[in-house]
Amino acid sequence: MLGIYGTTKDVALLGTSTRIVMLVNLAIISINGLFGPIISEYYHKNKLQEMNSLYRQLTLLLMVLTLPFITACFIFPTEIMGIYGSEFIEGKLYLQILAIGQLFNVIVGASGQILLM
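Residues numbered from 1 in each chain as written. Predicted model: local features only at pLDDT ≥ 70, side-chain atom pairs only at ≥ 80, totals over all residues. Heavy atoms only, no water.

Novice: Got a minute to help me understand the side chain of S17 in this structure?
Specialist: With respect to the secondary-structure elements, S17 resides in helix 2 (residues 8–21). Assessed through its relative accessible area of 0%, S17 is described here as buried. A polar side-chain atom of S17 sits 3.3 Å from the main-chain carbonyl oxygen of G91. The residues touching S17, leaving out its near neighbours within four places in the chain, are M81, G91, Y94, L95 and L98. (Helix = DSSP H or I, 4+ residues; strand = E, 2+ residues; numbered from the N terminus. Buried < 20%, exposed > 50% of the residue type's maximum accessible area, 1.4 Å probe, protein only. Polar contact = N/O pair within 3.5 Å; in protein donor to acceptor, adjacent residues only side chain to side chain. Contact = heavy atoms within 4.5 Å.)

Here's what the structure looks like:
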């Protein structure tokens, strides 16, 4: 939609912000890759209490791993976007909005993985 209604500058700023914030997904994908088979095993053996406990522990681990980066996106957005050049500093609001989205993604943990399993 932004490509249709926005300018090429807006698309570039949003694309750069998206790439930066997607670093959080590295942790999420890693945890989900490990968590999937364990969920399946616990559910098959009807160990729902253990699955709940593991879910909470992994969500806490995800928060500990990603919260510093997400916080940095709010405290130092100019410096982070400035890595790509001074013309990208204008995209700091995009970075902060996307960081909020990733924060919610981390807070709910691997709930999508549980639903898939």
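Read on for the rest.
Novice: Explanation requested: the packing of helix 2 against helix 6 (residues 92–107) in the structure shown.
Specialist: Axis angle and axis distance: for two packed helices, these are the angle between their axes and the distance between the axes, and together they describe the pair. Between helix 2 and helix 6, the shortest axis-to-axis distance is 9 Å and the interhelical angle comes to 40°. When the axis of helix 2 is compared with that of helix 6, the two are oblique. Classified by chirality, the crossing of helix 6 by helix 2 is right-handed. Between helix 2 and helix 6, the contacting residues are D10, L13, L14, S17, T18, I20 and V21 on the first element and Y94, L95, L98, A99 and Q102 on the second. When the residues that make up the contact of helix 2 with helix 6 are grouped by side-chain class, the tally is 8 nonpolar, 3 polar and 1 charged. (Axes fitted to C-alpha atoms, helices over the stretch in contact; angles between N-to-C directions. Parallel < 35°, antiparallel > 145°, perpendicular 65-115°, else oblique. Left-handed = near helix turned anticlockwise from the far one by under 90°. Nonpolar A, V, L, I, M, F, W, Y, C, P; charged D, E, K, R; others polar.)

Novice: Even after reading the chapter, I still don't get unusual backbone geometry, so can you show me in this structure?
Specialist: Negative phi is the rule for most residues except glycine; trans is the rule for most peptide bonds. One non-glycine residue with positive phi stands out, namely N46, at about 60°. Topologically, N46 is positioned in the loop between helix 3 (23–44) and helix 4 (48–75).

Novice: Just checking my understanding: could you explain the nonpolar core for this structure?
Specialist: Across soluble globular proteins, nonpolar side chains have a tendency to be buried as a group. Counting 23 residues, the largest nonpolar core has F35, L62, L95 and V106 as the members making the most contacts within it. Elements with a contribution of two residues or more to this core: helix 2, helix 3, helix 4, helix 5 (77–82) and helix 6. In terms of residue count, the dominant contributor to this core is helix 4 (7 residues). Look past the residues within four positions of L95 in its chain and what remains in contact with it is S17, I20, V21, C73, P77, I80 and M81. (Core = buried A, V, L, I, M, F, W, Y, C linked by side-chain atoms within 4.5 Å.)

Novice: Hey, could you run me through the packing of helix 4 against helix 6 in this one?
Specialist: It is at 10 Å that the axes of helix 4 and helix 6 come closest, and there the two elements cross at 170°. Between helix 4 and helix 6, the interaxial angle falls into the category roughly antiparallel. Touching T59, L62, M63, T66, L67, I70, C73 and F74 of helix 4 are L95, Q96, A99, I100, Q102, L103, V106 and I107, all from helix 6. Class assignment for the residues of the contact of helix 4 with helix 6 results in 12 nonpolar, 4 polar and no charged.

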